Structure formats: C-alpha cells, structure tokens
Amino acid sequence: MANVLSTETLDAEVLDKVQALIAQHKDMPGALLPLLHSIQDGIGYVPEACYLPISKALALSVAEVHGVVTFYHHFRSHPAGRHILQICRAESCQAMGSEKLEANIKSSLGIDYHQTTADGAITLEPVYCLGNCACSPALMMDDEVYGRMNSQKVAELISDARATS
Ligand code: FES
C-alpha cells in the first residue's frame, strides 16, 4: 500500500474548502462517499493530505479512507489538467475497437491513464460505459459525450480543447 500519511501540504484556501466540506458532511449517515465527491467537485481531486482530517471527522482509519479513494476510479489523487478526456473501456466500445483507439490516444498524447500531458491540457481517464453504447466507441471530453469516434476525430477534439484552454 502507498504511504497513506502524506507529507503533501495544501494551501490555506484549499484547506479551508476541504474543512468546510468535512463540516457539512461529517454528521450524515454514510458520509464518506458524498464527502469525497464534494471534495473532488470542489477542488478537482482528493488530496492525500485530506485523508487524516477526513478519518478523524468520520471516525475511520486513514487506511480506510485511502482504500475507498483508490478503489473508485472516479477519484483523482492529483490535480487534473484543464480538460478531462475519458475513454470508454466497457464491452460495447471494446467490441467496436476502443482498445486500438485508446492505444492511439495514449501514444499521441504521450501519457497513460490517470496522467496529464506536460502542457497541463489533457488528463486521460478510463470510464466504464457512458450510456452511449449504440454509438460505440464512445468517449467524453469534459462534460460532452461523443460517439462513433476514431483517431482522426479524437485528434480534432484534442486540438480544439487545447485551443480553448
Ligand atoms: S460500452 Fe461504451 S458507452 Fe456503453
């Protein structure tokens, strides 16, 4: 297991946001997942430095918090790039060639899943069904779902995203 007692420090503004979110959620039943979602929605990721204050507030161990964050692919442990590109890896998309597509995307961006391009523009993430199976292979750029994708279309999407950031 990774070192769950992170030495990462958060700036005061981020720490204040996290503390406020912890205070909002700590008394609700089953607070951990809603709290983690709210932290990621609020600051873009779930820093390891949050694990200890979360564990104290919810009477959990740091290892339990770490285990939940790392179990769910949805949670990021590092800040994301300016755009999030999520590639569907579920069955329908795989049947329509998503494995080859994802290999091309990784190669052209020079990154793997859960990494961000050196220019900070694109973070690449896997996703497991976007509800767009009829138009496989599908992917999502930020909040927009795209279907019937190929390498050329993805290259254009990435280029447009870089131009707008
Ligand atoms: S399997 Fe890819 S959108 Fe459903």
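Right above here is the structure, for reference.
Every chain is numbered on its own, with residues counted from 1 as its sequence reads. The model is predicted, so local features are restricted to residues of pLDDT at least 70 and side-chain atom pairs to those at 80 or more, both for listing and for counting; the totals for chains, interfaces and linings are taken over all residues. Only heavy atoms go into the side-chain values, all of them from the structure, while hydrogens and water stay out.

*Asks:* For the overall build of the protein, give the residues involved together with the corresponding values.
*Replies:* Strands here are runs of E lasting at least two residues and helices are runs of H or I lasting at least four, both read from the DSSP assignment and numbered beginning at the N terminus. The helix and strand inventory of the protein stands at seven helices and five strands. Reading the protein from its N end, one meets helices and strands in the order α-α-α-α-β-α-α-β-β-β-β-α. Viewed in the frame of its principal axes, the protein has a C-alpha envelope of about 50 × 30 × 30 Å. Here the term buried applies to any residue with accessible area under 20% of the maximum for its type, exposed to any over 50%, and partly exposed to those in between, with areas from a 1.4 Å probe on protein chains only. Looking at the 165 residues of the protein, the share that counts as buried comes to 40%. Sequence-distant contacts in the protein: of pairs separated by 6 or more residues, those separated by 24 or more amount to 61%. The method behind every accessible area is Shrake-Rupley, applied with a 1.4 Å probe, and residues are considered shielded solely by the protein chains displayed. Just so you have it, the protein exposes about 9000 Å², and 53% of that area is on carbon and sulfur atoms. All tallies of charge rest on Lys and Arg as positive and Asp and Glu as negative; His and the ends of each chain are not included. Charge positions come from single atoms, namely NZ of Lys, CZ of Arg, CG of Asp or CD of Glu. Placing the 11 positive and 19 negative side-chain charges of the protein at their respective mean positions leaves the two points 4 Å apart. It only takes one pair of heavy atoms within 4.5 Å for two residues to be counted as in contact.

*Asks:* Quick rundown of the layout of surface pockets? Include the residues and the values.
*Replies:* For each structure, a 1 Å grid was placed over the protein atoms alone; sets of points admitting a 1.4 Å probe that cannot get out are labelled cavities, open sets with protein on both sides within 12 Å along at least five of seven lines are labelled pockets, and lining residues have an atom within 4 Å of a point. Grid points are joined across faces, edges and corners, and a volume is the space filled by probe spheres set on the points. Quantified by volume, the largest pocket comes out at close to 290 Å³. Taken together, 19 residues make up the lining of the largest pocket; nearest its centre are Phe75, Arg76, Ser77, His78 and His114. Elements with a contribution of two residues or more to the lining of the largest pocket: α4 (62-71), β2 (115-116) and β3 (122-127). With three residues, α4 is the single largest residue contributor to the lining of the largest pocket. Taken together, the residues of the lining of the largest pocket break down into seven nonpolar, nine polar and three charged. Residues are grouped as follows: nonpolar covers Ala, Val, Leu, Ile, Met, Phe, Trp, Tyr, Cys and Pro; charged covers Asp, Glu, Lys and Arg; every other residue, Gly included, is treated as polar.

*Asks:* For a nonpolar patch on the surface, give the residues involved together with the corresponding values.
*Replies:* Grouping into patches uses exposed residues only, defined as over 30% relative accessible area, and leaves out salt-bridged ones; the cut-off is 9 Å for like charges and 5 Å for nonpolar side chains (Val, Leu, Ile, Met, Phe, Trp, Tyr). By definition, a salt bridge exists where a carboxyl oxygen of Asp or Glu is found within 4 Å of a side-chain nitrogen of Lys or Arg. Among the surface-exposed residues, Leu33, Phe71 and Tyr72 lie close enough to one another that they form a single nonpolar patch of about 300 Å² accessible area. Turning to its location among the elements, phenylalanine 71 is positioned in helix α4. Owing to a relative accessible area of 59%, phenylalanine 71 belongs among the exposed residues under this scheme.

*Asks:* Give a description of the pairing of β3 that names residues and reports values.
*Replies:* Where burial is concerned, most of β3 is hidden: six out of the six residues are buried. Of the two faces of β3, the one holding Ile122, Leu124 and Pro126 and the one holding Thr123, Glu125 and Val127 are both buried throughout. Should DSSP find at least two bridges between two strands, the strands are regarded as paired. Pairing analysis gives six bridges linking strand β1 (residues 83-88) to β3, with the strands arranged parallel. Residue pairing across strands places histidine 83 opposite isoleucine 122, the latter belonging to β3. Examined bridge by bridge, β2 and β3 share two bridges and lie antiparallel to one another. Of the residues in β3, the one forming a bridge with threonine 116 is threonine 123. Hairpin geometry of β2 and β3 is characterised by an intervening segment of five residues between the two adjacent antiparallel strands and by a positive phi of about 75 degrees at glycine 120.

*Asks:* Quick rundown of unusual backbone geometry? Include the residues and the values.
*Replies:* Here serine 136 and proline 137 are connected by a cis peptide whose omega angle stands at -5 degrees. Topologically, proline 137 is positioned in the loop between β3 and β4 (139-141). One non-glycine residue with positive phi stands out, namely alanine 59, at about 55 degrees. Tracing the backbone through its elements, the reader meets alanine 59 in the loop between α3 (51-58) and α4. Despite not being glycine, arginine 148 has its phi angle at roughly 50 degrees, a positive value.

*Asks:* Mind laying out the packing of helix α2 (residues 32-43) against α4, listing which residues take part and the relevant values?
*Replies:* Every axis corresponds to a line fitted to the C-alpha atoms, with the helix fit spanning only the stretch in contact, and the corresponding angles, defined between N-to-C directions, vary from 0 to 180 degrees. α4 packs onto α2 with a crossing angle of 65 degrees between their chain directions and a minimal axis gap of 11 Å. In the packing of α2 onto α4, the handedness of the crossing is right-handed. Together, Leu32, Leu33 and Leu36 of α2 and Val65, Val68 and Val69 of α4 make up the contact between the two elements. We call a crossing left-handed when the near helix sits turned anticlockwise from the far one by less than a right angle, and right-handed when that turn is clockwise.

*Asks:* How would you explain the packing of aromatic side chains if you had to name every residue and give the values?
*Replies:* Aromatic rings in a pair are described by how distant their centres are and how their planes are angled relative to each other. Stacked, tilted and edge-to-face are the three classes applied to pairs of Phe, Tyr and Trp rings, where Trp contributes its six-membered ring and a pair requires centres within 6.5 Å; stacked means planes under 30 degrees apart, edge-to-face means over 60, and tilted covers the rest. This structure, assessed with the given rule, holds two aromatic pairs. Every member of this aromatic cluster is reached through a ring pair, and the members are Phe71, Tyr72 and Phe75.

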